[in-house]
Amino acid sequence: MNKNHHKLIILGSGPAGCTAAIYAARAGLNPVLIRGMEPGGQLTITTDVDNYPGFEKTVQGPWLMEQMEKQALSVGTILINGTVVKCDLKSNPIKCILDNGEEYYSETCIIATGASARWLNIPTETKFRGFGVSACATCDGFFYRNKEVIVVGGGNTAVEEALFLTNFASKVTLIHRKNTLRAEKILQDRLFNNSKINIIWDHILEEVLGEESPLIVKHAIIKSTIDSNLTKLDVDGIFIAIGHDPNTKLFINQLTMDKENYILTESDSTKTNIDGVYAAGDVQDKIYRQAVTAAGHGCMAALEAEKFLSLKLKTL
Ligand code: NDP
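What this report covers is the structure whose coordinates are included nearby. (Residues numbered from 1 in each chain as written. Predicted model: local features only at pLDDT ≥ 70, side-chain atom pairs only at ≥ 80, totals over all residues. Heavy atoms only, no water.)

Its location among the elements puts Ile222 in strand β15 (residues 216–224). Here the alpha-carbon distance between Ile222 and Tyr144, two residues 78 residues apart in the chain, equals 20 Å. In contact with Ile222, not counting residues within four places along its chain, are Ile175, Ile200, His203, Ile204, Leu205, Glu206, Asn229, Leu230, Thr231 and Leu233. (Helix = DSSP H or I, 4+ residues; strand = E, 2+ residues; numbered from the N terminus. Contact = heavy atoms within 4.5 Å.)

Shown next, in the form of structure tokens:
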């Protein structure tokens, strides 16, 4: 075995990846955890977390992830800063190449690469992305002090982002394509009771208008989903919060996925269609998508990898 040949490689450092690492390290597998493009995952771009068990008071997402990673490190995980750019899951051993060209080989792999914010993909959204159009209120909300912003979407993310933005913006308008929200009731109550928030139902974002150089957002054109009427709003910032897509591009044509490219796993298991390859967290879960469920999957994946390795060693 060369120095980069391991028993277990874990891709991604969100709750699924970190929990897998904690369990695998404690089982003596000396796992390597590749931290990925967004170390700590989506919780690092949220603020208040009050539904992760174990904390009486609200904790901060970035702090929670820091603790998980520290725990993984303290029990023997090898943390690697980097992103996997190529992965041959069918080779034996599995081969992963990092963005710095380094190669890692492993007997087993846990894919915990999570999901990323979805965009509407209308041309003017793309044009103004980073210049007044954002998918992360926690990252960019600060720039909208005393300004007017809109948030597009009707799920938990959209409502949380709208609420968070009221800390800065003078007015927040939530635009939703239906006339009911799918966000949890407790969040809806907070939204409806916040005097800074206005809701425009049954509309979608049609176009973003602004100045050219430098690029600055000035208006949003929204379209009614009922009669297609267009309305022009004065806005300084636009936050897109319409859900997430799994980060599975590297594994297309290797792993079995559903039509939205979520990795399919066996029932009551994290096993994929390739022996020794497991998927945990948002990369395979489009239903629950919670930090705590991702952590649970990470635990399952590590236990399954451990079992696989012990059977493999017995048959060698
Ligand atoms: P969701 O998939 O729950 O919601 C996406 C929202 O965007 C829906 O309201 C959807 O509309 C709307 N939407 C989707 N595509 C478009 C489009 N092209 N144009 C306009 N609107 C669109 O995603 P979230 O990111 O909000 O949440 C993902 C998961 O994460 C959920 O399971 C959620 O519960 C969880 N979560 C939990 C949190 C917590 O517990 N505190 C915080 C944040 C997220 P429609 O309703 O019409 O389909």
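This part takes up helix α1 (residues 15–26). In this model α1 runs 16 Å from its N-terminal to its C-terminal C-alpha over 12 residues, within 8% of the 16 Å that 1.5 Å per residue would give. Buried residues dominate α1, accounting for 10 of its 12 residues. Within the sequence span of α1, burial applies to Pro15, Ala16, Gly17, Cys18, Thr19, Ala20, Ala21, Ile22, Ala24 and Ala25. In the stretch just after α1, Gly28 is the one whose phi turns positive, near 80 degrees. (Expected span 1.5 Å × (residues − 1). Buried < 20%, exposed > 50% of the residue type's maximum accessible area, 1.4 Å probe, protein only.)

So, on to helix α2 (residues 61–74). Side chains of residues three or four places apart in an α-helix project in the same direction, reflecting 3.6 residues per turn. Helix length check: α2, at 14 residues, gives a terminal C-alpha distance of 20 Å against a target of 20 Å (1.5 Å per residue), a fit within 8%. Taken together, the buried positions of α2 are occupied by Gly61, Leu64, Met65, Met68, Glu69 and Ala72. Taken down its axis, α2 places every buried residue within 130 degrees of arc, on the same side. Tucked into the core, α2 has its buried residues touching α1, β3 (48–49), β4 (59–60) and β5 (78–80). (Arc of directions from axis to C-beta.)

Let us look at the site of the ligand. Lining the immediate environment of the ligand, one finds 21 residues, of which Asn51, Thr157, Glu160, Lys178 and Arg182 sit closest. Taking Arg177, its side chain carries an N or O atom lying 2.9 Å from an oxygen atom of the ligand. Protein burial of the ligand: of its 910 Å² of free accessible surface, 82% is covered by the chains. No other element matches the three residues that helix α5 (residues 156–165) contributes to the shell around the ligand. (Near = heavy atom within 4 Å. Polar contact = N/O pair within 3.5 Å; in protein donor to acceptor, adjacent residues only side chain to side chain. Areas by Shrake-Rupley, 256 points an atom, 1.4 Å probe, with all protein chains shown as cover.)

In this structure, Pro93 follows Asn92 across a cis peptide bond, with omega equal to 0 degrees. The residue Pro93 is located in the loop between β6 (84–88) and β7 (94–98) in this model. Of note, the amide linkage connecting Ser213 to Pro214 takes the cis form, showing an omega dihedral of 0 degrees. Along the chain, Pro214 falls in the loop between β14 (203–211) and β15. Phi is positive for Asn261, which is not a glycine, with a value near 70 degrees. Relative to the helices and strands, Asn261 is located in the loop between β18 (244–246) and β19 (277–279). By relative accessible area, which is 31% here, Asn261 ends up partly exposed. With phi around 50 degrees, Arg289 is a residue other than glycine that occupies positive phi space.

What follows concerns the sheet that holds strand β11 (residues 148–152). Reading across the sheet, the five strands line up as β10-β17-β11-β12-β13 and stay open at both edges, with parallel pairing between neighbours. The open sheet terminates on both sides in strands that have one partner only, identified here as β10 (133–134) and β13 (197–200). Of the pairings in the sheet, the one linking β10 to strand β17 (residues 237–240) comprises two bridges and is parallel in character. Following the sheet pairing, Ser134 is matched in β17 by Phe239. Sitting on the sheet, α5 is in contact with β11, β12 (171–175), β13 and β17, with an inclination near 170 degrees to β11. (Pairing = 2+ DSSP bridges. Axes fitted to C-alpha atoms, helices over the stretch in contact; angles between N-to-C directions.)

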